[in-house]
Amino acid sequence: MRAVLRVVNRVLIGLVGLVLFVLGGSVLAVGLGAPAPSWWIHDDRHDVLLSDAERTHWRDDGWWWPTVIAVLAVLVLLALWWLTAELRRRRLAEVLVDTGDGEGALLRGRALESVLASEAAGLEGVQRAHVHLTGRRSTPETRVRLLLAPHVDPGTALNDLTTQALAHARTSAGLAALPTEVRLKGVKHGAERVS
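If you're wondering where the values come from, they're calculated on a predicted model, not measured in any experiment.

Draft legend 1. Looking closely at the overall build of the chain. The secondary structure content of the chain amounts to five helices and five strands. For the chain, the N- to C-terminal ordering of α and β elements is α-α-α-β-β-α-β-β-α-β. Relative to its 195 residues, the chain shows a buried fraction of 20%. Sequence separation of 24 or more characterises 49% of the internal contacts of the chain that already satisfy a separation of 6 or more. Surface exposure of the chain reaches about 14,600 Å², of which carbon and sulfur atoms provide 61%. Charge-centre separation for the chain: the mean point of 22 positive side chains lies 6 Å from the mean point of 20 negative side chains.

Structural data, given as structure tokens:
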């Protein structure tokens, strides 16, 4: 279902882009002096987009400007929603586990995230861990954020995460590789008193 939505999304984006490109190109061509096509709404390059009669037609009606502002606000909100939906990295719902018999099993992505986060949080010097699975179900990727305790060596924490938690997740899911982006952050703490 997600693949169908992705295809529909791309087709709609392509169609909107094509319509905007043709319309913008037509406006530019007529503005530069090209003859206007027969279907064009204006006659020549000196014609205005909205005449005084068109612009002031509903000015005296009390519903006009609130309606225009409301419609434009809804369009802006829908465009922002779509943009954030496109830019947001999707969470992986399931991971395909090779069972060795030609079939396969599906592992819930949230379950793998939870186990990996709890194992990472149990490492020495890690106060909190957050794991996010991305990628495809046959080739998952992880993003891990670790909150480190004061005075913990980040290299040691990263090595422990790689050799323990990530290695266990990779072998238990039967994955050949588990690419991971790790972000480390230290806990804020007050300065120590030196005497």
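The discussion continues.
Draft legend 2. Molecular detail of the pattern of salt bridges. Per the stated rule, a full pass over the model turns up one salt bridge. Glu181 serves as the salt-bridge partner of Arg183, at 2.9 Å between the closest nitrogen and oxygen. Accessibility expressed as a relative area gives 53% for Arg183, which makes it exposed. Exposure remark for Glu181: the relative accessible area of 31% places this residue in the partly exposed category.

Draft legend 3. The packing of helix H4 (residues 109-121) against helix H5 (residues 154-172), seen in detail. Between H4 and H5, the least distance of the axes is 10 Å, while the angle of their chain directions is 155 degrees. The orientation of H4 relative to H5 falls into the category roughly antiparallel. Here the hand of the crossing between H4 and H5 comes out right-handed. Of the residues in H5, those in contact with Leu112, Leu116, Glu119 and Ala120 of H4 are Leu161, Gln164, Ala165, Leu166, His168 and Ala169. Considering only residue class, the contact of H4 with H5 consists of seven nonpolar, two polar and one charged.

Draft legend 4. Main features of the nonpolar core. Ranked by size, the top nonpolar core spans 22 residues in total, and within it Val95, Leu116, Val126, Leu146 and Leu161 carry the most contacts. Breaking this core down by element, the ones donating at least two residues are H4, strand S3 (126-135), strand S4 (140-148) and H5. If one sorts the elements of this core by residue count, H5 sits on top with five residues. Non-local contacts of Leu161, meaning those with residues more than four positions away in its chain, are made with Ala120, Leu123, Val144, Leu146, Leu166 and Val182.

Draft legend 5. Representation of the pairing of S4 in the model. Looking at chain direction, S3 and S4 are connected through nine bridges and run antiparallel. Bridged to Val131 within S4 is Val144. Counting the residues in the hairpin turn of S3 and S4 gives four residues. Two elements, S4 and strand S5 (residues 180-186), share seven bridges in a ladder whose sense is parallel. Residue pairing in the sheet places Leu146 in a bridge with Leu184 of S5.

Draft legend 6. Spotlight on the confidence of the model for the chain. With 90% of its residues at a pLDDT of at least 70, the chain reaches an overall mean of 82. Confidence, read as mean pLDDT per element, is least for helix H2 (residues 52-55) in the chain (75) and greatest for S4 (90).

Draft legend 7. Structural context of the sheet that holds S5. Read across the sheet, three strands follow the order S3-S4-S5 without closing on themselves; strand pairing throughout is mixed. What marks the edges here is a single partner per strand, and that holds for S3 and S5. Direction aside, neighbouring strands of the sheet carry axes that sit 15 degrees apart on average. Packed on one face of the sheet, H5 meets S4 and S5 and runs near 140 degrees to S4.

Draft legend 8. Inspection of a positive patch on the surface at higher detail. Taken together, the side chains of Arg6, Arg10, Arg90 and Arg136 make up a positively charged region of the molecular surface. By secondary structure assignment, the location of Arg10 is in helix H1 (residues 2-31). Under the relative-accessibility criterion, Arg10 is labelled exposed at 60%.

Draft legend 9. Fine view of the side chain of Glu113. Topologically, Glu113 is positioned in helix H4. When near neighbours in sequence (up to four residues on either side) are disregarded, Glu113 contacts Arg91, Val131, His132 and Leu133.

Conventions we followed
Residues numbered from 1 in each chain as written. Predicted model: local features only at pLDDT ≥ 70, side-chain atom pairs only at ≥ 80, totals over all residues. Heavy atoms only, no water. Helix = DSSP H or I, 4+ residues; strand = E, 2+ residues; numbered from the N terminus. Buried < 20%, exposed > 50% of the residue type's maximum accessible area, 1.4 Å probe, protein only. Contact = heavy atoms within 4.5 Å. Areas by Shrake-Rupley, 256 points an atom, 1.4 Å probe, with all protein chains shown as cover. Lys, Arg positive; Asp, Glu negative; His and termini not counted. Charge placed at Lys NZ, Arg CZ, Asp CG, Glu CD. Salt bridge = Lys/Arg side-chain N within 4 Å of Asp/Glu carboxyl O. Axes fitted to C-alpha atoms, helices over the stretch in contact; angles between N-to-C directions. Parallel < 35°, antiparallel > 145°, perpendicular 65-115°, else oblique. Left-handed = near helix turned anticlockwise from the far one by under 90°. Nonpolar A, V, L, I, M, F, W, Y, C, P; charged D, E, K, R; others polar. Core = buried A, V, L, I, M, F, W, Y, C linked by side-chain atoms within 4.5 Å. Pairing = 2+ DSSP bridges. pLDDT = per-residue confidence, 0-100. Patch = residues over 30% accessible without salt bridge, like charges linked within 9 Å, V, L, I, M, F, W, Y side chains within 5 Å.

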